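Fold and contact review
Letter by letter, the chains look like this.
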Amino acid sequence: MSDLLKGSALLKRGGLLLPALLLCALPFYLDAFWLRIGLFSMAAAIGAVGLGLLSGTAGQLSLGHAFFLAVGAYGYVWLAGEPGPGLPPAVAAVLAVLLAGAAGGLFSPVAGRVKGIYLGVATLALVFLGHHVLLTADSVTGGFNGRSVPPLEIGGFTFAETDPELTVMGVPFGAEERLWYLGLVLFALTWFTARGLLRGRPGRALVALRDSETAASVMGVHVARYRSAAFVVSSMYAGLAGVLLALSFRRVVPDYFSLLLSVDYLAMIVIGGLGSVAGATAGAVFVTALPLLMTRYADQLPLVATPGSGDGSIGPTEASRYLYGAAIVVILLYAPDGLHGLARRTRARLRRKPPVTGLPDAGPTPRLSATTANAARTKEHTP
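Each chain carries its own residue numbering, running from 1 in the direction its sequence is written. Restriction of local features to residues with pLDDT of at least 70 applies here, the model being predicted, together with a cutoff of 80 or more for giving and counting side-chain atom pairs; totals for whole chains, interfaces and linings are based on all residues. Water and hydrogen atoms were dropped before computing side-chain values, which therefore reflect all heavy atoms in the structure.

**Digging into the overall build of the protein**
Segments assigned H or I by DSSP are reported as helices when at least four residues long, segments assigned E as strands when at least two residues long, and all are numbered from the N terminus. Scanning the protein from N- to C-terminus turns up 15 helices and six strands. Here the term buried applies to any residue with accessible area under 20% of the maximum for its type, exposed to any over 50%, and partly exposed to those in between, with areas from a 1.4 Å probe on protein chains only. Among the 383 residues that make up the protein, the fraction classed as buried is 42%. For this analysis, residues touch if any pair of their heavy atoms sits within 4.5 Å. The contacts of the protein with a sequence gap of at least 6 include a subset with a gap of at least 24, amounting to 73%. Surface accessibility follows the Shrake-Rupley procedure with a 1.4 Å probe radius. Residue values consider only the protein chains on display as shielding. Element-wise, carbon and sulfur atoms account for 67% of the exposed surface of the protein, whose accessible area totals about 21300 Å².

If you want it as structure tokens, here you go:
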């Protein structure tokens, strides 16, 4: 039995190690476009995992996720840049995540007492309020034109283009290659902390709270406290995603952090599967990569116009929204638990043993007569 447990543990570690090695090797073979897609997908996955904890696990609808991404992105830019305190970029990144958590904490009393569509409407106000502040607070945000993002520097290593150029094994490492490994570290941190929360006592309490508030209260779950905590944790994940997005874009503008971004994140967790870290990741990759791929290959796709053509056809961004809108409808109809649930059921079907075939037919089973059966059931007593 112990050998079987050791073997399953080794298989599980191998199943994680092989994808990790593959992801680490990709910057040596992919060009900047594909690395940029990966960076945006990793940032989106971090934010989607946070929203999945709030909406999928705790059952709290939020339409204000874009606001907390903006707090993380602009918080880092202001804390590390000029005008601003000019803090070391690594310190500014940590403080930006904490600032997003503090913003979630200020709103947590509302999140602890309001649920469902009412919380969704309340968080919707955060998006419009945040967008107005980003446009009017020119000294901090740069207004409509936004601000350039200071490069991150840790221990003298800069995650940006440098002179002289860094070369690793004959491959030039620019900003995308360097940020790729930073994104992998941040995503791995998000993955393991979120899975730890879901598998621990907080995750079980949030699931109980989502299923039945009354039953959770009877079991000793403090409803308002756990709802508020879930909102704060989700805000911090969004702040971390905002920091990585800012570093990847290298410039932040207010129009990016609009209501459409919040809707995109809701689409990510619905398509991927509510309450699942792997599902949120899959949904984030799908929703993030689809418009970028359609933009690049728009001239090869039917019914899709190239960007800037102005001929009245559907652009790649609009076409991608139509596609993942249709994907949401299909998911809700045929796979309510999302891509993660679909993959889990597929694995379960593949693991089932097929029926045994090829054995010789023994013919019909002989039936005993009543006399023979009674004789077979009679037990002779020992004299």
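**Quick look at the confidence of the model for the protein**
A residue's pLDDT is the predictor's confidence in that residue, given on a scale from 0 to 100. Per-chain confidence: the protein averages 84 in pLDDT, with 86% of residues scoring 70 or above. At the level of individual helices and strands, the protein shows its lowest average pLDDT in helix α15 (residues 370-377), which scores 44, and its highest in helix α3 (residues 65-80), which scores 95. Confidence drops under a pLDDT of 50 for residues 1-5, and excluding neighbours within four residues, the segment shows zero contacts in the predicted structure. Across residues 358-362 the pLDDT falls below 50, and counting only partners more than four positions away or on other chains, this stretch makes zero contacts in the model.

**Overview of the pattern of salt bridges**
By definition, a salt bridge exists where a carboxyl oxygen of Asp or Glu is found within 4 Å of a side-chain nitrogen of Lys or Arg. Enumeration over the complete set of coordinates arrives at eight salt bridges. For Asp337, the salt bridge identified is with Arg345, shortest N-O distance 2.7 Å. Beyond isolated ion pairs, a larger network of salt bridges with shared partners links Arg36, Glu176 and Arg250.

**Comments concerning the environment of Ala93**
The topology assignment puts Ala93 in helix α4 (residues 89-113). Considering only alpha carbons, one finds Ala93 and Ala80, 13 residues apart in sequence, at a separation of 8.1 Å.

**Overview of unusual backbone geometry**
Peptide bonds are mostly trans, and most non-glycine residues show a negative phi. With an omega of 5°, the peptide bond running from Glu82 to Pro83 counts as cis. Structurally, Pro83 is set in the loop between α3 and α4. The phi dihedral of Arg250 is positive, around 70°, even though this residue is not glycine. Structurally, Arg250 is set in the loop between α10 (223-249) and β6 (251-252). Since its relative accessible area comes to 37%, Arg250 is described here as partly exposed.

**A word on the packing of aromatic side chains**
Two rings from Phe, Tyr or Trp (for Trp, the six-membered ring) form a pair when their centres sit within 6.5 Å of each other. Planes less than 30 degrees apart are called stacked, planes more than 60 degrees apart edge-to-face, and all others tilted. Inspection of every chain in the model, using the stated rule, returns twelve aromatic pairs. On the numbers, 5.2 Å between centres and 80° between planes, the contact of Phe33 with Trp34 is edge-to-face. These aromatic residues form a ring-pair network of at least three members: Phe40, Tyr74, Phe249, Tyr256 and Phe257. One Lys or Arg, Arg296, reaches over the ring of Phe33 and ends 4.2 Å from the middle of that ring. Charge-over-ring contacts are defined here by two conditions on Lys NZ or Arg CZ: a distance within 6 Å of the ring centre and an angle within 35 degrees of the ring normal.

**Here's the deal with the packing of helix α11 (residues 259-272) against helix α14 (residues 338-351)**
Any two packed helices are characterised by the angle at which their axes cross and by the distance between the axes. Here an axis means a line fitted to C-alpha atoms, over the contact stretch when the element is a helix, while the angle between two N-to-C directions is reported on a 0 to 180 degree scale. As a packed pair, α11 and α14 sit with axes 3 Å apart at the nearest point and diverge in direction by 15°. The angle between the axes of α11 and α14 places the two elements in the roughly parallel class. The residues of α14 that touch α11, namely those facing Val270, Ile271 and Gly272, are Gly338, Leu339 and His340. In this count, Pro and Cys sit with the nonpolar residues alongside Ala, Val, Leu, Ile, Met, Phe, Trp and Tyr, while Asp, Glu, Lys and Arg are called charged and the others, Gly among them, polar. Of the residues assigned to the contact of α11 with α14, the class counts are three nonpolar, three polar and no charged. Oblique is the label for every angle not falling under 35 degrees (roughly parallel), over 145 degrees (roughly antiparallel), or within 65 to 115 degrees (roughly perpendicular).

**Describing α11**
Taking 1.5 Å per residue as the helical rise, α11 with its 14 residues ought to reach 20 Å, and the 20 Å between its terminal C-alpha atoms agrees with that figure. Extensive coverage of α11 is indicated by the burial of ten of its 14 residues. One or two steps after α11, the chain reaches Gly273, where phi turns positive at roughly 125°. For a helix, the expected span equals 1.5 Å multiplied by the number of residues minus one.

**Some thoughts on the nonpolar core**
By convention a nonpolar core is built from buried Ala, Val, Leu, Ile, Met, Phe, Trp, Tyr and Cys residues, the set being connected through side-chain atoms within 4.5 Å. Residues Ile46, Leu69, Tyr76, Leu247, Val252, Phe257 and Tyr265 are the most contacted members of the largest nonpolar core, which totals 80 residues. Setting aside chain neighbours within four positions, we find Leu247 in contact with Tyr76, Val149, Pro150, Leu152, Leu179 and Leu182. Counting six residues, the second-largest nonpolar core is a separate cluster that includes Ala205, Ala208, Ala216 and Val223.

**Concerning the side chain of Thr141**
Summarising the element assignment, Thr141 is placed in helix α6 (residues 138-141). Within the local environment of Thr141, its side chain forms a polar contact with the backbone oxygen of Ala137, the two atoms lying 2.8 Å apart. Pairing of N or O atoms within 3.5 Å defines a polar contact, subject to two protein rules: one partner must be a possible hydrogen donor and the other a possible acceptor, and residues neighboring in sequence count only if both atoms are side-chain atoms. Within polar-contact distance, the side chain of Thr141 engages the backbone nitrogen of Gly143 at 3.3 Å. Excluding anything up to four places from it in sequence, Thr141 contacts Tyr74, Val133, Leu134, Gly146 and Arg147.

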